[in-house]
Amino acid sequence: MHNKGLGITVLQEFKWTKKMPLDTSLGKGSKQKISWSKKVLIILGFLFVLGAVALITVAVVQNKPLPKNMKYGIVLDAGSSHTSVYVYNWPAEKENDTGVVQQVEVCKVDGPGISSYSKDVEKAGLSLQDCMNTAKQVIPKKEHRDTPVYLGATAGMRLLSLDNNKIADKVLLSVEKSLRLYPFDFQGCRIITGQEEGAYGWISINYMLGNFKQSSSWMPFQQTSTETSGALDLGGASTQITFEPTDSINESPENFMLFRLYGKTYNVYTHSFLCYGKDQALRLRLANDVKNAGSTNLQNPCFNPGYVKNMSAVDLYGSPCTAKYKLFSSSFILITGTGDYHQCQQNLQDMFNKTECPYSRCSFNRIFQPELSGNFGAFSAFYFVMNFLNLTSEKDLSKVKETLKEFCSESWQQVKEKFPDIKEKYLSEYCFSGTYILTLLEMGYGFTSENWGNINFLRKIKGSDAAWTLGYMLNLTNMIPAELPSSPPLSHASYVGLMVLFSFLLASVVFIGWLYFWKPRCLQKGII
Ligand SMILES: Nc1nc2c(ncn2[C@@H]2O[C@H](COP(=O)(O)OP(=O)(O)OP(=O)(O)O)[C@@H](O)[C@H]2O)c(=O)[nH]1
Ligand SMILES: [Ca+2]
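Bear in mind that the values here come from a model prediction, so they are computed numbers and not experimental data.

Criteria and cut-off values
- Residues numbered from 1 in each chain as written.
- Chains lettered and ligands numbered in written order.
- Predicted model: local features only at pLDDT ≥ 70, side-chain atom pairs only at ≥ 80, totals over all residues.
- Heavy atoms only, no water.
- Helix = DSSP H or I, 4+ residues; strand = E, 2+ residues; numbered from the N terminus.
- Buried < 20%, exposed > 50% of the residue type's maximum accessible area, 1.4 Å probe, protein only.
- Contact = heavy atoms within 4.5 Å.
- Areas by Shrake-Rupley, 256 points an atom, 1.4 Å probe, with all protein chains shown as cover.
- Pairing = 2+ DSSP bridges.
- Phe/Tyr/Trp six-rings, centres within 6.5 Å; stacked < 30°, edge-to-face > 60°.

Caption draft 1: Local environment of the overall build of the protein. Secondary structure assignment for the protein yields 16 helices and 16 strands. A burial count over the protein gives 44% of its 528 residues as buried. Across the protein, every contact between residues at least 6 apart in sequence was considered, and the portion connecting residues at least 24 apart equals 74%. Working note: accessible area of the protein is about 28,200 Å², and carbon and sulfur atoms make up 56% of it.

Okay, here's the thing in structure tokens:
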């Protein structure tokens, strides 16, 4: 059996060796060598694949996103017309990065602004309860004690403190008492200055837009910093303009603020016009009209034709903006709309004194303003009004005026029928507000048809409301470092990724080199 078997083998070997002129005596040994080389090759290949899989697994496991440790902060914007409660959060380990703080909740407090509670100060604090309870629900319980709460009051409280400082303090005490009842880390209630309001608005929008981002220094050609955007805020009682001028003429130091943020110095111009928010501006205009007309019966071109309103004298003259115009003892002022855009604009132009300027350049009312430069983000009432008029993306100033002219001339009856769901207070004032915005921007600040397109009317940026509140919190929590934090040029994920890639490349080069120079027999033509 055995011999027979061998005989068959020999016969087969003989056939095979006839085709390949190899020494038949090498037959069995070379076959063994070839199968060994094959095995080594398979083992090497297996180890290579195993190594690659291990490298990728380590990289993926190491870079698996860790559960984020979030921090929270609350800022109350106590404006003249209402209060809003903003809740922000950010990943704890990234708090010095730019653009990481996000708005997670905004709650509009029911009722008027806290300055309206001067006759019943306790109610100012009580009014905040619903929104503070919402904040309590939004923020995880374990974070409550570490969540700072700030309240900043703006122009309404500025006016109240001008009128009656003691009452303004009582209102602030009432809101403080109310906020201290919550499990958060109360950090104070105060009236912020107009300059702060402008500057924090500017910081907020540039932080959200990512304009403070500066590239790392490992590639010198990448070291470019983005231009900042100016900020235009129109509130109920004051308005702010803030931007980084191109020329550094500093004729009016009180209008400049110097910031060092992420390793760059910013010299920012800012001015806040008290009484030029849209509610106070309307009162200022009406009080002047009553004075000029010598009558409390007014025909007003800034309201739609057919609109009639009885305004109480207490409402009209009840703020320091208009108190000095009170001449009549009448308790009501009757306003009848005539809806004439051109007359309205002419009428409003009187509010902007352009005749005197103690500096090389002024905006209005003897206030220094450098030449406008760059883009501007225009928010709050700038947005509400332009959005209603469908003009937020209209870059042609003449078309803006055309739309406004058309809207103002529509009868009040028609307007009400067209927009039955809009609050009558807002609806009735859109003709005035739109014309006021145009006059303020053109006459007041000096925007023209050439740079009108540089104004971006916006409400939110990347999910957060455009408001001074974020900048206020970033500043008080020291979240914006003066210098760019030093960090390795690559993120950890990019580092591991590149390491894996280069290991592959090296291994491939070695493998190809091995194949090329020590060509294994099994790969020789005809063997495999
Ligand atoms: N059309 C419209 N107007 C609004 C809306 N919300 C607020 N307003 C009005 O827009 C104006 C500005 O509102 P805000 O920016 O909240 O003003 P504020 O912060 O109370 O006032 P300041 O203290 O001067 O900043 C006020 O006259 C408000 O009555 C809205 O949703 N639509
Ligand atoms: Ca405001």
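Continuing now.
Caption draft 2: Quick peek at the pairing of strand β6 (residues 230-234). Across the five residues of β6, five count as buried, placing the element largely inside the fold. Going residue by residue along β6, you find G230, L232 and L234 tucked away on one face and A231 and D233 tucked away on the opposite face as well. Both β6 and strand β13 (residues 376-380) contribute to a ladder of five bridges, which runs parallel. Bridge pairing in β13 links L232 to A378. Bridge count for β6 against strand β7 (residues 238-243) is four bridges, and the pairing is antiparallel. Across the sheet, the residue bridging to L234 is T239, located in β7. Between the antiparallel neighbours β6 and β7 lie three residues.

Caption draft 3: Examining the packing of aromatic side chains more closely. Evaluated as defined, the whole model comprises 31 aromatic pairs. Note on Y150 and Y472: the rings are 6.1 Å apart at their centroids and 75° apart in plane angle, and the pair reads as edge-to-face. Placement of Y150 in strand β4 (residues 148-153) and of Y472 in helix α15 (residues 469-476) is noted, with a sequence separation of 322 residues between them. Here Y150 and Y472 have matching classes, each one buried. Relative to Y266, the ring of F212 lies with its centre 5.4 Å away and its plane at 65°, an arrangement referred to as edge-to-face. Of this pair, F212 sits in the loop between α7 (194-209) and β6 while Y266 is found in strand β9 (residues 264-274), placing the two residues 54 residues apart along the sequence. A relative accessible area of 0% means that F212 is categorised as buried. We classify Y266 as buried; its relative accessible area is 0%. Clustering of aromatic rings is evident, with ring pairs tying together F243, F256, Y269, Y359, F368, F376 and F447.

That's the geometry; what it means functionally is another story.
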